[in-house]
Amino acid sequence: MPNLKFAFIFSLIFAFALAQMDDHHASHMNHEQHRVNVAVYYESLCPDSRKFFTQQLYPSLQGNLSNFVNLTLVPYGKTKMNFVTNEYEFECHHGPKECEGNKIQACALKLIDGGRKTEGIGFNKVTVGFINCLMDKTERKGNDATFPVKDCAEINHVNNLNIIENCAGHTDGSNYLANLGALTKAVADPLASVPTIVFNQNFKSEDNTLAQTNFVKALCQYIQGTKPSDCNGASNIQISLGFLVVVSFIAKLFN
């Protein structure tokens with residue numbers, strides 16, 4: 001009989017703890033103010049940008065941490081821009097092909113799902129997946145490069161690739177890239193390093209350095225309240241006053 005009582009008490013406590021976790025998780029899912037603003041300033045052919053995107057940023061966003069991030073991607077980097085004959089012209093850090101890659105990504109950010117975020121998270125999952133694929137699979141030889149746009153579109157279910165490609169070769173693509181240039185220059189002109197990662201609109205050199213080798217750790221220090229298990233490798237359950245009251249009440253029932 002005592003064993004049955006213990007099992008009953010334990011099951012009630014466990015159920016209450018799970019309910020607390022679910023409520024906390026739901027609050028992060030549904031409230032914009034809980035998310036950390038993360039802006040990444042990078043270049044489509046920069047080796048360090050590609051390494052950060054494919055080995056740090058994208059993998060970290062495949063689990064629960066995706067609920068805690070408002071992500072802004074800015075593929076411009078150390079590009080130089082001039083306005084000539086009613087159109088912007090660009091000189092990119094890694095040559096003309098990088099300008100092409102930056103424009104493809106600028107158009108994807110604008111045109112996939114109309115630039116809208118995926119419901120419940122602070123970025124568009126299709127867009128981020130498409131760009132990660134490009135960063136991972138683009139073949140670069142010197143200043144030349146081949147962008148696997150068709151393969152990446154198919155893998156990530158991008159259904160308007162023709163519009164994105166037309167945009168990248170059109171004035172629209174130049175205008176979108178120019179807008180990203182303005183965002184970049186507002187942070188630094190020129191950027192000291194690429195990629196540059198900014199948390200909550202406040203650039204800190206130590207955060208930028210840490211993020212490039214441990215993005216999860218850099219992000220988690222900005223998450224307020226109870227942190228997700230991704231931050232420490234285990235669930236972090238806060239014991240509330242209500243929890244203690246429930247335990248006390250259950251104990252009295254069996255005294």
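Residues numbered from 1 in each chain as written. Predicted model: local features only at pLDDT ≥ 70, side-chain atom pairs only at ≥ 80, totals over all residues. Heavy atoms only, no water.

Thoughts on the pattern of salt bridges
Item 1. Evaluation of the coordinates by the stated rule reveals 2 salt bridges.
Item 2. The salt bridge partner of Lys97 is Glu100, with a shortest N-O separation of 3.1 Å. Placement of the pair is Lys97 and Glu100 together in helix α3 (residues 96–111), with a separation of 3 residues, close to one helical turn. (Salt bridge = Lys/Arg side-chain N within 4 Å of Asp/Glu carboxyl O. Helix = DSSP H or I, 4+ residues; strand = E, 2+ residues; numbered from the N terminus.)

Thoughts on the packing of helix α4 (residues 125–137) against helix α5 (residues 149–156)
Item 1. α5 packs onto α4 with a crossing angle of 140° between their chain directions and a minimal axis gap of 9 Å. The orientation of α4 relative to α5 falls into the category oblique. Remark: the crossing between α4 and α5 carries right-handed chirality. The residues of α5 that touch α4, namely those facing Val126, Gly129, Phe130, Cys133, Leu134 and Lys137, are Val149, Cys152, Ala153, Ile155 and Asn156.
Item 2. Partitioning the contact of α4 with α5 into residue classes produces 8 nonpolar, 2 polar and 1 charged. (Axes fitted to C-alpha atoms, helices over the stretch in contact; angles between N-to-C directions. Parallel < 35°, antiparallel > 145°, perpendicular 65-115°, else oblique. Left-handed = near helix turned anticlockwise from the far one by under 90°. Contact = heavy atoms within 4.5 Å. Nonpolar A, V, L, I, M, F, W, Y, C, P; charged D, E, K, R; others polar.)

Considering the sheet that holds strand β7 (residues 196–199)
Item 1. Pairing is mixed across the open sheet formed by 3 strands, whose spatial order is β2-β1-β7. Of all the strands in the sheet, the pair left with one neighbour each is β2 (69–75) and β7. When the angles between neighbouring strand axes are averaged without regard to direction, this sheet yields 15°.
Item 2. Relative to β2, strand β1 (residues 36–42) runs parallel, the two sharing 7 bridges. Paired with Tyr42 across the two strands is Pro75, which belongs to β2.
Item 3. Against the sheet, α3 touches β1 and β2, its axis set at about 145° to β2. (Pairing = 2+ DSSP bridges.)

Some points on the packing of aromatic side chains
Item 1. This model, assessed by the stated rule, comprises 6 aromatic pairs.
Item 2. Here the aromatic rings of Phe52 and Phe215 are separated by 5.9 Å at their centres, their planes lie at 75°, and the arrangement is edge-to-face. With Phe52 in helix α2 (residues 47–60) and Phe215 in helix α9 (residues 215–220), this pair connects stretches of sequence that are 163 residues apart.
Item 3. Plain terms: the ring middles of Phe199 and Tyr222 are 5.3 Å apart, the flat faces sit at 5° to each other, and that makes the pair stacked. One end of the pair, Phe199, is in strand β7; the other, Tyr222, is in the loop between α9 and α10 (241–253), with 23 residues separating them in the sequence.
Item 4. For Phe199, a relative accessible area of 1% gives the class buried.
Item 5. Three or more aromatic residues joined by ring pairs make a cluster, and in this case those are Phe52, Phe199, Phe215 and Tyr222. (Phe/Tyr/Trp six-rings, centres within 6.5 Å; stacked < 30°, edge-to-face > 60°. Buried < 20%, exposed > 50% of the residue type's maximum accessible area, 1.4 Å probe, protein only.)

A closer look at the side chain of Asn67
Item 1. Relative to the helices and strands, Asn67 is located in the loop between α2 and β2.
Item 2. For Asn67, a relative accessible area of 7% gives the class buried.
Item 3. A distance of 2.8 Å separates the side chain of Asn67 from the side chain of Asn64, its partner in a polar contact. (Polar contact = N/O pair within 3.5 Å; in protein donor to acceptor, adjacent residues only side chain to side chain.)

What about unusual backbone geometry?
Item 1. The amide bond that connects Asp189 to the next residue, Pro190, takes the cis arrangement and shows omega of 0°.
Item 2. Counting through the fold element by element, Pro190 comes out in the loop between α7 (171–187) and β7.
Item 3. Omega for the peptide link from Val194 to Pro195 comes to 0°, which places this bond in the cis form.
Item 4. Inspection of the secondary structure assignment puts Pro195 in the loop between α7 and β7.
Item 5. Phi at His157 takes a positive value of approximately 60°, unusual for a residue other than glycine.
Item 6. With respect to the secondary-structure elements, His157 resides in the loop between α5 and α6 (161–168).
Item 7. Under the relative-accessibility criterion, His157 is labelled exposed at 67%.
Item 8. With a phi angle near 60°, Gln201 is a residue other than glycine that sits in the positive phi range.
Item 9. Structurally, Gln201 can be placed in the loop between β7 and α8 (205–211).
Item 10. By relative accessible area, which is 66% here, Gln201 ends up exposed.

Section: α3
Item 1. End to end, α3 covers 22 Å across 16 residues, agreeing with the expected 22 Å (1.5 Å per residue, within 8%).
Item 2. For α3, every residue scored as buried is listed here: Glu98, Cys99, Gly101, Asn102, Lys103, Ile104, Gln105, Ala106, Cys107 and Ala108. (Expected span 1.5 Å × (residues − 1).)

Some remarks on the state of the cysteines
Item 1. Tallying each qualifying case throughout the model produces 4 disulfides.
Item 2. With its sulfur 2.0 Å from that of its partner, Cys92 forms a disulfide with Cys99. Measuring handedness by torsion sign, the sulfur bridge of Cys92 and Cys99 sits at about 120° and is right-handed. Residues Cys92 and Cys99 agree in their burial class; the two are buried.
Item 3. With cysteine numbering restricted to those in disulfides and following the sequence, the protein has the pairing 1-2, 3-6, 4-5, 7-8. (Disulfide = S-S within 2.5 Å.)

Read these as layout, nothing more, since geometry by itself doesn't imply function.
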